[in-house]
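Below are the chains, spelled out letter by letter.
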Amino acid sequence: MLKRTYFHFGLRARYCFKLNYKRWISGSKINLQNVTRSKENIILMGSPGCGKTTVGRILSTKLGKPVLDIDDDHLEPYWGMPVSDKLSEVGSDGFVNAEGEALLAFNAENSVISLTGSNPMHSDGMAHIAKTGTVVFLDIHMEDIIERLERMKVNRIVGQNDGTSMSEILKYRQQFYERWYDARVICERNEDPTSVAEKVLNKLSSLESSDSQGYVSTRGLDLGDKQFNDVLLKGLADDGGLIVPRRNIPKLSLGQLSRMVNMSYTERALRVLEQWINWRELRPQDLKKCIDNAYNSKTFSNPDICPVFSLDGNQFIQELFHGPTASFKDIALQLMPQLFVKAAESELHPTNYLILVATSGDTGGAVLDGFTRYADSTKVNINVIILYPSDGISSIQRDQMIAYHGGNARVIGVQGADFDFCQTNVKKIFSDKNLAEELLRTHNLKFSAANSISFGRLIPQVVYHVTSYLDLVRDKVISMGDEIDLCVPTGNFGNILAAYYAKEMGIPYKRLICASNSNNILSEFLQTGCYDISSRRLSKTVSPAIDILVSSNLERLLYHLSGEDHSMIRDAFTKLQHDGNFDVSPVVFERLKESFHADWCSEEDCYRTIKETLSNTGYLMDPHTSVGKTVADRMMSDRPMIIASTAHPGKFAEDILNIFGRSSNGMTPPEMVMALQELGPRPSEQESLMNTLEKNTMGNRRVCDSNYDSLVSEIKSVTDRTL
Ligand SMILES: *Cc1c(COP(=O)(O)O)cnc(C)c1O
């Protein structure tokens, strides 16, 4: 029944909002030139009552483009009668068709076009008009619409007669808007049209203007007009720097964030990621499909995906380990491979890809799961090679990765190496021009990265930081706008950098706290402004995923904080390579200290926190989370503190059993995980982890020597065999 109902404003409301043009013009900081220059139409779409007409008029004045209202300027003249007469003539069932046919006869360019609320329900008509420009969806809160309609005493609602409520019809309509939009403008509650128009312009100018688009290397190399897809495929910039967006980090106002409080993880993810990805490269509708594939009951064992709960008073845990391989890396790596595949497919001259990854334990499994899950469904040949320090990761992590070995995936232990060796050599391979040319010539193959140095890994992580804040608002722990602290066990600086991006987007963090283990280079740096690894040696800890001395993503943060000072970054990281150290300027150091704080945790403290937390709260943490909690405990204020729980304890069962004095001698990895479960019921067992461990085949284990040439010949032997 509902399928055929719709409503149309025959007596369409014309809101007479008082427009404060003076404020509008003086308050506008947008470069309109690029928006104006475009020949394309700006097509405003949304529910009846969302303000399309009024916003259209404001845009028209601002941009000097004519405004065309489909109702008044097209339908009425086309039909030769008022819309309401047509409605009585064809009835509510025939109206969408009549309207759609009329739309097919509509032609305009370089205009601002206000659609009717029901235009998007006619596919052909809508496809016709969507081709002529950018469809902007004014996404307004349903309560606002209902209030406006009531205020205007609108009672002419077609199709509402059979007991369907206004909100049911509005909800039904939503799917059509979702299907057609290029750019969504999230409207705040009760936002006036002037301000909505400004958001529209902001959105358009951020995506049209050539100097606000594109990417650069932190070390200065301009990537030209390289876009998101290129960046995904490329991984690392040719000058050895990391790729960062040239434009400003997108923003969400508190009012826009408020709109997302009662949404699901995937709904929030779509709204956050839309801000980062140009719809010309990936349509929001395709992005939504990728998001829905990535985060669902098949891939994540918790319906909230990244649930937040109170551990102890004002201390909250966000569990980031419900994905297939039980660490937070899954959150990025269930999404990123899908984006990668789409990007690879859209290339003019398709090539094969070799994703080369150095892992300190958790990235490897997550990359393998993500890429094997999605690589089969594409004709693009994507290979994965994982390098891990053969004695630097837990036996469970190792077995988990080896379970994926086969097909286009190879898992190789580098003997006698630590993670830094693996990562440094992966970077070296990426910048080895001769090797790249050879593989391209012989195998039509290019390298790419899936480490957290890959930009495509970073932005999916921004989402869960946004959602943990929204969860606290939803659960009434805080009010929108209240400040909170976040503490993250930090290694390669990807997770906490994503939190910095979330902060720049608008999440009001007071402190972003990096927690290190005894490899405390980051906390030393954040306390002194001097990064010095010259006399350091990596020590092995029970939190191996943060056993890192060269923390790659720090380079991105310093780039942003230095005001995009390429030469400073180039000098600093070249100096790090040669002398093993660099200093940041007092100005950058001050900026760093404004947001970032750090401390570290000894092995003994890490053990003790695991034990104490289990006995005080019944919750068993993995060692990385324990590093986070230990540091968080020292830094508590009266603000809520979120601790990122980055792995399920089952992944580190052997060490945790040891900490509790239980021997794991002779146990298989699945037995260890089972034994761990006896210590405490929370968190519950990770089923996907168990499934992977049970299918492990040790026969796949493969090692190589720790020197550059051995790595290169491993790579060549893999590519020779699989391509
Ligand atoms: C990778 C990892 C970390 C470190 O994350 P970064 O983004 O590199 O700082 C922390 N904990 C676990 C369990 C990890 O797998």
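Everything quoted here is computed from the prediction, not taken from an experiment.

1. Examining the overall build of the protein
Now for step 1: For the protein, the count of helices and strands is 31 helices and 20 strands.
Now for step 2: Computed over C-alpha atoms, the radius of gyration of the protein comes to 27 Å, within 12% of the 27 Å expected from 2.2 N^0.38 for 723 residues, which places it in the range of a compact globule.
Now for step 3: Counting only C-alpha atoms and orienting by the principal axes, one finds that the protein spans roughly 85 × 60 × 55 Å.
Now for step 4: Classification of the 723 residues of the protein by burial places 62% in the buried group.
Now for step 5: Across the protein, contacts joining residues at least 24 apart in sequence account for 77% of those joining residues at least 6 apart.
Now for step 6: Accessible surface for the protein amounts to roughly 27100 Å². Of this, 47% is attributable to carbon and sulfur atoms.

2. Section: the environment of Asp72
Now for step 1: By the element assignment, Asp72 lies in helix 4 (residues 70-79).
Now for step 2: On the basis of relative accessibility, which here comes to 31%, the residue Asp72 falls in the partly exposed class.
Now for step 3: Between the C-alpha atoms of Asp72 and Arg570, which are 498 residues apart in sequence, the distance is 59 Å.

3. Considerations on the domain arrangement of the protein
The accessible area lost on association of the parts is a frequent measure of interface size.
Now for step 1: In terms of domain boundaries, the protein breaks down into domain 1 (2-211), domain 2 (228-240 + 327-458 + 699-723) and domain 3 (308-324 + 461-648).
Now for step 2: For domain 2 versus domain 3, the separation of C-alpha centres amounts to 26 Å.
Now for step 3: Taken together, the 24 residues of domain 2 in the interface contact 26 residues of domain 3.
Now for step 4: Summed over both partners, the interface of domain 2 with domain 3 buries about 2100 Å², with 52% contributed by carbon and sulfur atoms.
Now for step 5: It is Phe328, Asp420 and Leu458 in domain 2 that bury the most area against domain 3; as a group they hold 32% of the surface buried on that side.
Now for step 6: Where domain 2 touches domain 3, the interface holds zero salt bridges.
Now for step 7: Counting across the interface, domain 2 meets domain 3 through 10 residue pairs in polar contact (both at pLDDT 80 or more).

4. A closer look at the side chain of Arg398
Now for step 1: When you line up the elements, Arg398 lands in helix 17 (residues 395-402).
Now for step 2: For Arg398, a relative accessible area of 17% corresponds to the buried category.
Now for step 3: Polar contacts involving the side chain of Arg398 include one to the side chain of Asp399, which spans 3.3 Å.

5. Some remarks on the sheet that holds strand 15 (residues 509-516)
Now for step 1: Read from one edge of the open sheet, six strands run 8-9-19-14-15-18, paired in mixed fashion. Only two strands of the sheet have a single neighbouring strand rather than two, namely strand 8 (308-312) and strand 18 (596-600). Recorded for the sheet is a direction-independent mean angle of 30° between the axes of neighbouring strands.
Now for step 2: Of the strand pairs in this sheet, strand 14 (residues 484-489) and strand 15 are connected by six bridges, and their pairing is parallel. From the neighbouring strand, Ile484 faces strand 15, where its bridge partner is Tyr509.
Now for step 3: Strands strand 14, strand 15, strand 18 and strand 19 (641-645) of the sheet are contacted by helix 21 (residues 494-505), whose axis makes an angle of about 175° with strand 15.

6. As for empty space enclosed by the protein
Now for step 1: In total, this model carries seven cavities of 30 Å³ or more according to the counting rule given.
Now for step 2: Phe328, Lys329, Gly491, Asn492 and Ala545 are the residues nearest the centre of the largest cavity, which is lined by 25 residues in total.
Now for step 3: For the lining of the largest cavity, the elements supplying multiple residues, two or more each, are helix 16 (362-375) and helix 21.
Now for step 4: A per-element tally of the lining of the largest cavity places helix 21 first, with three residues.
Now for step 5: Here the residues of the lining of the largest cavity sort into nine nonpolar, 13 polar and three charged.
Now for step 6: Composition of the lining of the largest cavity by domain shows at least three residues from each of domain 2 (228-240 + 327-458 + 699-723) and domain 3 (308-324 + 461-648).

7. A closer look at the side chain of Glu319
Now for step 1: Looking at the secondary structure, you find Glu319 in strand 9 (residues 315-319).
Now for step 2: Of the side chains with opposite charge, Arg682 comes closest to the buried, unpaired Glu319, at an N-O distance of 6.5 Å.
Now for step 3: Among the polar contacts listed, one links the side chain of Glu319 to the side chain of His322, at a separation of 2.7 Å.
Now for step 4: When neighbours within four sequence positions are excluded, Glu319 is seen to be in contact with Ile305, Cys306, Pro307, Phe309, Tyr619, Ser645 and Pro683.

8. Brief notes about the packing of helix 4 against helix 5 (residues 83-104)
Now for step 1: Direction vectors running N to C along helix 4 and helix 5 enclose 105°, while the axes themselves pass 12 Å from each other. Relative to helix 5, the element helix 4 is oriented roughly perpendicular. Side by side, helix 4 and helix 5 meet where Ile70, Asp71, His74, Leu75, Glu76, Tyr78 and Trp79 of the first sit next to Val83, Lys86, Phe95, Ala98, Glu99, Glu101, Ala102 and Leu103 of the second.
Now for step 2: A per-class count over the contact of helix 4 with helix 5 returns nine nonpolar, one polar and five charged.

9. Things to note about helix 15 (residues 336-345)
Now for step 1: Helix 15 sits mainly inside the fold: eight of its 10 residues count as buried.
Now for step 2: Looking at helix 15, one finds that the buried residues are Met336, Pro337, Gln338, Leu339, Phe340, Val341, Ala343 and Ala344.

10. A closer look at the state of the cysteines
Now for step 1: Per the counting criterion, the structure on display carries zero disulfides.
Now for step 2: Not part of a disulfide, Cys50 finds its nearest cysteine sulfur in Cys187, a span of 7.0 Å.
Now for step 3: Lacking any disulfide linkage, Cys487 is separated from the closest cysteine sulfur, that of Cys514, by 8.4 Å.

11. Points about unusual backbone geometry
Now for step 1: Across the junction of Arg682 and Pro683, the peptide omega takes the value -10°, indicating a cis bond.
Now for step 2: Tracing the backbone through its elements, the reader meets Pro683 in the loop between helix 29 (669-677) and helix 30 (687-694).
Now for step 3: Not every positive phi belongs to a glycine, and Ile305 is a case in point at roughly 65°.
Now for step 4: Take Ile305: it is sitting in the loop between helix 13 (284-294) and strand 8.
Now for step 5: For Glu564, which is not glycine, the phi dihedral falls at a positive 55°.
Now for step 6: You can see Glu564 is positioned in the loop between helix 23 (554-561) and helix 24 (566-579).

12. Thoughts on the packing of aromatic side chains
Now for step 1: For the structure shown, the criterion picks out 20 aromatic pairs.
Now for step 2: Through successive ring pairs, a cluster of aromatic residues spans Tyr215, Trp276, Phe455, Phe493, Tyr500, Tyr501 and Phe596.
Now for step 3: Lys428 extends its terminal NZ or CZ atom over the ring of Tyr708, reaching a point 4.4 Å from the ring centre.
Now for step 4: Against the face of Tyr404 rests Lys695, its NZ or CZ located 5.7 Å from the ring centre.

13. A look at the pairing of strand 12 (residues 409-414)
Now for step 1: The buried fraction of strand 12 amounts to six of the six residues, a majority that puts the element mostly inside the structure.
Now for step 2: Taking every second residue as pointing to the same face, both faces of strand 12 are buried, with Ala409, Val411 and Gly413 on one and Arg410, Ile412 and Val414 on the other.
Now for step 3: Inspection of the sheet shows strand 11 (residues 382-389) paired to strand 12 by six bridges, in the parallel sense. Across the sheet, the residue bridging to Ile386 is Val411, located in strand 12.
Now for step 4: The parallel pair strand 11 and strand 12 is bridged by helix 17, and the resulting crossover is right-handed.

14. A few points about the confidence of the model for the protein
Now for step 1: Per-residue confidence for the protein gives a mean pLDDT of 89, with 92% of residues at or over 70.
Now for step 2: Here residues 1-30 is modelled with pLDDT under 50, and outside its nearest four sequence neighbours on either side it reaches 85 contacts, counting other chains as well.

15. Quick word on the sheet that holds strand 4 (residues 133-139)
Now for step 1: The strand order across the open sheet built from five strands is 2-3-1-4-5, with neighbouring strands paired in parallel fashion. Each edge of the sheet is formed by a strand with only one pairing partner; in this case those strands are strand 2 (67-69) and strand 5 (183-186). Between one strand axis and the next, the sheet turns through 25° on average, direction left out of account.
Now for step 2: The pairing of strand 4 with strand 5 spans four bridges and is classified as parallel. What sits directly across from Leu138, in strand 5, is Val185.
Now for step 3: Set on the sheet, helix 6 (residues 123-130) makes contact with strand 1 (41-45), strand 3 (112-114) and strand 4; between it and strand 4 the angle comes to about 115°.

Calculation rules
Residues numbered from 1 in each chain as written. Predicted model: local features only at pLDDT ≥ 70, side-chain atom pairs only at ≥ 80, totals over all residues. Heavy atoms only, no water. Helix = DSSP H or I, 4+ residues; strand = E, 2+ residues; numbered from the N terminus. Rg over C-alpha atoms; globule rule 2.2 N^0.38 Å. Buried < 20%, exposed > 50% of the residue type's maximum accessible area, 1.4 Å probe, protein only. Contact = heavy atoms within 4.5 Å. Areas by Shrake-Rupley, 256 points an atom, 1.4 Å probe, with all protein chains shown as cover. Domains from an automatic or database assignment. Buried area = accessible area lost by both parts, 1.4 Å probe. Salt bridge = Lys/Arg side-chain N within 4 Å of Asp/Glu carboxyl O. Polar contact = N/O pair within 3.5 Å; in protein donor to acceptor, adjacent residues only side chain to side chain. Pairing = 2+ DSSP bridges. Axes fitted to C-alpha atoms, helices over the stretch in contact; angles between N-to-C directions. 1 Å grid on protein atoms, 1.4 Å probe; cavity = no way out; pocket = protein on both sides within 12 Å on 5 of 7 lines; lining within 4 Å. Points joined across faces, edges and corners; volume = space filled by probe spheres on them. Nonpolar A, V, L, I, M, F, W, Y, C, P; charged D, E, K, R; others polar. Lys, Arg positive; Asp, Glu negative; His and termini not counted. Parallel < 35°, antiparallel > 145°, perpendicular 65-115°, else oblique. Disulfide = S-S within 2.5 Å. Phe/Tyr/Trp six-rings, centres within 6.5 Å; stacked < 30°, edge-to-face > 60°. Lys NZ or Arg CZ within 6 Å of the ring centre and 35° of its normal. Right-handed = clockwise from strand over helix to strand, strands pointing away. pLDDT = per-residue confidence, 0-100.

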